[in-house]
Amino acid sequence: MNLPITAELKKVLEVTIQGCINAYNEKEMGAVDHSIYDMYSKFSFTENVDSLIDTTRKVEGIIARRGKSILIIFQGSNGLADWADNFKFWKENEKYRKGSLLTLAGDIVGENISVKVHDGFHDQAKLAYPCIKTAVDAYMQEIPREEWDIIVTGHSLGGAVSTMTAFFLTRDFPEIRPAVTLVPHASPRVGNKTFVTSMNANVGRIVRTVFETDIVTRVPMEILGFRHVGIELTLKKRNRRWYDRILHPWTENVGSMRDHYPQNYRDAIAKLGVLSC
């Protein structure tokens, strides 16, 4: 599907990918620039995990304000426990509470209907969610309803966690659904077809970016029942180096880890043309 790039959408993409780079706060991920928002605070939550390769799970990110907007930004994979969560490819049932049920294909979902989501991404999002929920609740009390603008984003694992967080928020606060913009950059697949249908129907806008042959966006595999949410915006290199042209036929099939770095996404977004009216 061709996605019209308006000036407003391009600004959202620029702010969210820079926010993702800021959340990493590491030079190799790109230059940090916190001037993109009016105010911000960082969050970090840690819990013990039962893992053979690590004993703690950490979820980090930024809650920021930009004008009347609130931005919730999740850091990507950073540590062995994060990667352990990335590769937990089984799915966990996530039931909707009665009173906040979602509509699927025109029918009200029954109380016993559940979606299936990636167990590791679910656990990461659940760890930070009480803090996020409190921040969004306070925002809703401060800003008039007609001006709500809630942007949820992240890169890599952060993109998957942002998707689960948007699910939680639109479940718990049905009134904010039209005001939520979800922008997962370089995100793996998060849930099954029912989850995707629910998200697409109930989140105001979902724009999911993929740079070239980014391998992380190809897992978990569809054969395991996972699907992507939202509208995909494929970002391209303007000029390929000679070795990229040689490797492209191979990476087109198997994917490339080099295409996963957030600065690739930032540079490609900066070069997007804007729809002229």
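The shown structure was predicted, so the numbers you read here are calculated from the model rather than taken from an experiment. (Residues numbered from 1 in each chain as written. Predicted model: local features only at pLDDT ≥ 70, side-chain atom pairs only at ≥ 80, totals over all residues. Heavy atoms only, no water.)

Undergrad: So what about the packing of helix α1 (residues 7-24) against helix α7 (residues 262-270)? Which residues, and what values?
TA: Interhelical geometry of α1 versus α7 gives an angle of 160 degrees and a closest axis separation of 10 Å. One way to sum up the angle between α1 and α7 is to call them roughly antiparallel. Once α1 is placed against α7, the crossing between them reads as left-handed. Contacts from Lys10, Leu13, Glu14, Ile17, Gln18, Ile21 and Tyr24 in α1 reach Pro262, Gln263, Tyr265, Arg266, Ile269 and Ala270 in α7. Taken together, the residues that form the contact of α1 with α7 break down as eight nonpolar, two polar and three charged. (Axes fitted to C-alpha atoms, helices over the stretch in contact; angles between N-to-C directions. Helix = DSSP H or I, 4+ residues; strand = E, 2+ residues; numbered from the N terminus. Parallel < 35°, antiparallel > 145°, perpendicular 65-115°, else oblique. Left-handed = near helix turned anticlockwise from the far one by under 90°. Contact = heavy atoms within 4.5 Å. Nonpolar A, V, L, I, M, F, W, Y, C, P; charged D, E, K, R; others polar.)

Undergrad: Tell me what's going on with empty space enclosed by the protein, and back it up with residues and numbers.
TA: Enumeration over the complete set of coordinates arrives at two cavities of 30 Å³ or more. Estimates place the volume of the largest cavity at around 60 Å³. Lining the largest cavity are 10 residues; nearest its centre among them are Lys58, Val59, Glu60, Gln75 and Gln124. Of all elements in the fold, only β2 (56-66) and α4 (157-172) reach the threshold of two or more residues within the lining of the largest cavity. In terms of residues, the lining of the largest cavity owes the most to one element, β2, which gives three residues. (1 Å grid on protein atoms, 1.4 Å probe; cavity = no way out; pocket = protein on both sides within 12 Å on 5 of 7 lines; lining within 4 Å. Points joined across faces, edges and corners; volume = space filled by probe spheres on them.)

Undergrad: Could you give an account of α1, naming the residues involved and the relevant values?
TA: Here α1 contains 18 residues, and its C-alpha end-to-end distance of 26 Å stays within 8% of the 26 Å for a straight helix at 1.5 Å per residue. Most of α1 sits out of view: 14 of its 18 residues are buried. (Expected span 1.5 Å × (residues − 1). Buried < 20%, exposed > 50% of the residue type's maximum accessible area, 1.4 Å probe, protein only.)

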